[in-house]
Amino acid sequence: MHSDAQVVDSVIRSRKAVRVFRSDAVSQKDIIDILDVARTAPSNSNMQPWRVHVLRGRSKESLSEALVRAHVADLHPPLQHVPDPMPEAYRPMQEEFGARYYGALGIDKADVAGRARATGRNFVFFGAPVGLIFTIDARLKKHSWLDYGLFLQTVMIAARARGLDTCPQVSFARYQTIIAEHLLLEPGFDVVCGMSLGYADHDSVVNRLAIPRETVERFTTFVGFDEEA
Ligand SMILES: Cc1cc2nc3c(=O)[nH]c(=O)nc-3n(C[C@H](O)[C@H](O)[C@H](O)COP(=O)(O)O)c2cc1C
């Protein structure tokens, strides 16, 4: 195997959503380097739709406090980030993720309050020292959101290559108005997601979740590969 493939593949495979972080600081230089790599991500017509707020210290805490308050009050409309009802094809994955995640936390499926408390950890960035909020011009179309996904994965891989860990978090999008107020977002900008950034606590069982994936055969159709070359 080409030596680059070994390095790149192993960094990519080492990424997983981390939900318990150590308090160790992340250097601003590392954050800038990560974003400097991520900005090379491709985008339709090179539009580069990403806008990033990087939060640390008191500014991060103050946003977290407001979000936790809103989460506990539960007055904001629920986030509609997945279809309701969930199409059959995706339900087993969603259920398996829930069973593994809440199982690791020791929270019963029927324990609504316990699950809500666990969800609330999103808003303190799972204890990570750095929180990122990603926004996009609301006028842009779904292909710009596709660009955004490429950018986000590049952020996560560049972080991993520096020994850092992440959790991408759509949960923040529920609190668009609070985030807009705290970060003085430009009008017309929507929250895409948040992301926790820091060093994983490897002693935590929650960080040892290995969320399974479908096999290549399951999602790929090879066409023309039986033909003579
Ligand atoms: C766009 C996006 C949004 C996500 N939002 C959340 C979230 O709000 N909270 C959370 O704990 N995990 C969130 N996740 C993490 C997924 O649950 C996780 O990536 C998935 O279960 C696969 O696990 P792995 O990343 O550890 O391999 C999100 C992932 C993505 C890609």
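Residues numbered from 1 in each chain as written. Predicted model: local features only at pLDDT ≥ 70, side-chain atom pairs only at ≥ 80, totals over all residues. Heavy atoms only, no water.

The protein goes by Nitroreductase in an unreviewed UniProt entry, where it is assigned to Paraburkholderia dipogonis. Taken verbatim from the UniProt record of the protein, the Sequence similarities (unreviewed entry) comment is "Belongs to the nitroreductase family." Recorded in UniProt under Cofactor (unreviewed entry), the annotation for the protein is "FMN". (UniProt positions renumbered as here; feature names shortened; annotations may be inferred.)

Novice: Would you take a moment to explain the site of the ligand for this structure?
Specialist: Taken together, 14 residues are adjacent to the ligand, and Ala-17, Arg-19, Val-170, Ser-171 and Arg-213 come closest. Surface burial for the ligand is 70%, taken as the share of its 620 Å² of free accessible area covered by protein chains. Per-element accounting of the shell around the ligand gives the leading share, three residues, to strand β3 (residues 165-169). Classifying every residue of the shell around the ligand gives seven nonpolar, three polar and four charged. (Near = heavy atom within 4 Å. Areas by Shrake-Rupley, 256 points an atom, 1.4 Å probe, with all protein chains shown as cover. Helix = DSSP H or I, 4+ residues; strand = E, 2+ residues; numbered from the N terminus. Nonpolar A, V, L, I, M, F, W, Y, C, P; charged D, E, K, R; others polar.)

Novice: Could you clarify how one ought to interpret the sheet that holds strand β1 (residues 51-56) in this entry?
Specialist: Adjacent strands of a sheet form backbone hydrogen bonds with each other and so pair up, either parallel or antiparallel. Strand order in the open sheet formed by four strands is β1-β2-β4-β3, with antiparallel pairing between adjacent strands. Both edges of this open sheet fall to β1 and β3, since each of them pairs with a single strand only. Across the sheet, the mean angle from the axis of one strand to that of its neighbour is 25 degrees, orientation sign disregarded. The pairing of β3 with strand β4 (residues 189-198) spans five bridges and is antiparallel. Bridge pairing in β4 places Pro-168 opposite Met-195. Lying over the sheet, helix α3 (residues 57-73) contacts β1 and β2 (130-137), oriented at roughly 100 degrees with respect to β1. (Pairing = 2+ DSSP bridges. Axes fitted to C-alpha atoms, helices over the stretch in contact; angles between N-to-C directions. Contact = heavy atoms within 4.5 Å.)

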